[in-house]
Amino acid sequence: MTKRQREIYDSVRKRTRVELEGGAIDAEGAMSRVMRLHQIASGFVGILKTEHRSILTILDDFPELRMLVDTREIVDIMPPEENPRLELLGQMIHEARESEQKIIVWARFNREMNQICAIYGDEIMRYDGQVSDRAKRVNLDRFLDPNDGQAWILGAKVRSLAHGITANIAKGMMYYSNDPSPEKRLQSLDRNHRIGQD
């Protein structure tokens with residue numbers, strides 16, 4: 001994380017702990033804050049209309065972000081080109097490209113997948129709820145085709161691709177962000193790691 005992300009992350013974490021211990025928020029509210037911490041680690045804060053007031057509270061220490069809440073549904077903490085997570089992903093993708101190996105990139109949030117797809121364009125085969133069922137099938141077929149040298153990144157959400165699909169053509173994968181469900185994480189690992197397969 002950048003220094004800025006760390007400041008926001010630590011502030012939200014501390015505020016959440018104090019509010020939870022003091023009874024100001026319940027377990028559901030605390031889980032919502034945990035999701036915010038995941039978003040902050042990815043470089044943004046998403047805002048739902050129903051959460052407006054709680055988001056304002058967690059951003060009290062950051063007035064420049066708080067001002068944006070009234071006009072946006074997503075507040076970027078930094079531009080994508082300054083995001084260290086995107087930089088790390090870029091290094092991994094570069095290595096995969098150099099060795100001509102297909103990879104799966106797992107992301108939890110639409111914002112992350114949108115940024116990744118914007119950067120990698122036609123090289124990434126998107127498989128999530130933001131594309132039609134037909135497009136998902138086409139993208140997956142292209143990714144699974146060993147002769148398609150242009151479709152070598154599969155961008156997916158764990159909840160979209162966790163069941164019933166084997167993608168062992170991928171020689172690597174990266175969890176850009178994690179789904180909070182350990183069961184879904186294990187299922188996603190099974191998409192390209194099968195007993196007895198390379």
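Counting restarts for each chain: residues are numbered from 1 in the order of the written sequence. Whole-chain, interface and lining totals are the exception, using all residues; otherwise, since this is a predicted model, local features are given only for residues with pLDDT of at least 70 and side-chain atom pairs are given and counted only at 80 or more. Water and hydrogen atoms were dropped before computing side-chain values, which therefore reflect all heavy atoms in the structure.

(A) Inspection of the side chain of D128 at higher detail. Tracing the backbone through its elements, the reader meets D128 in the loop between β4 (124-127) and α7 (133-144). Pairing of N or O atoms within 3.5 Å defines a polar contact, subject to two protein rules: one partner must be a possible hydrogen donor and the other a possible acceptor, and residues neighboring in sequence count only if both atoms are side-chain atoms. Polar contacts involving the side chain of D128 include one to the side chain of R126, which spans 3.0 Å. Polar side-chain contacts of D128 include one of 3.0 Å to the backbone nitrogen of Q130. Here, residues are in contact when the closest pair of their heavy atoms is within 4.5 Å. Not counting chain neighbours up to four residues away, the residues in contact with D128 comprise N110, M113, K136, K157 and S160. The helix and strand labels rest on DSSP assignments: H or I over at least four residues marks a helix, E over at least two residues marks a strand, and numbering proceeds from the N terminus.

(B) Quick peek at the sheet that holds strand β6 (residues 172-175). The four strands are arranged β4-β5-β3-β6 in an open sheet whose pairing can be described as parallel. Each of the sheet's edge strands pairs with one partner strand only, and the pair in question is β4 and β6. Shown here is a sheet whose adjacent strand axes are inclined to one another by a mean of 20°, direction ignored. As a rule, the C-alpha atoms of each element are fitted with a line to give its axis, helices using only the stretch in contact, and angles between N-to-C directions run from 0 to 180 degrees. Against the sheet, helix α6 (residues 110-120) engages β3 (103-106), β4 and β5 (153-156), with an angle of about 155° to β4. Those strands touched by helix α9 (residues 182-190) are β3 and β6, and its axis lies near 160° from that of β6. Whether two strands pair comes down to DSSP finding at least two bridges between them.

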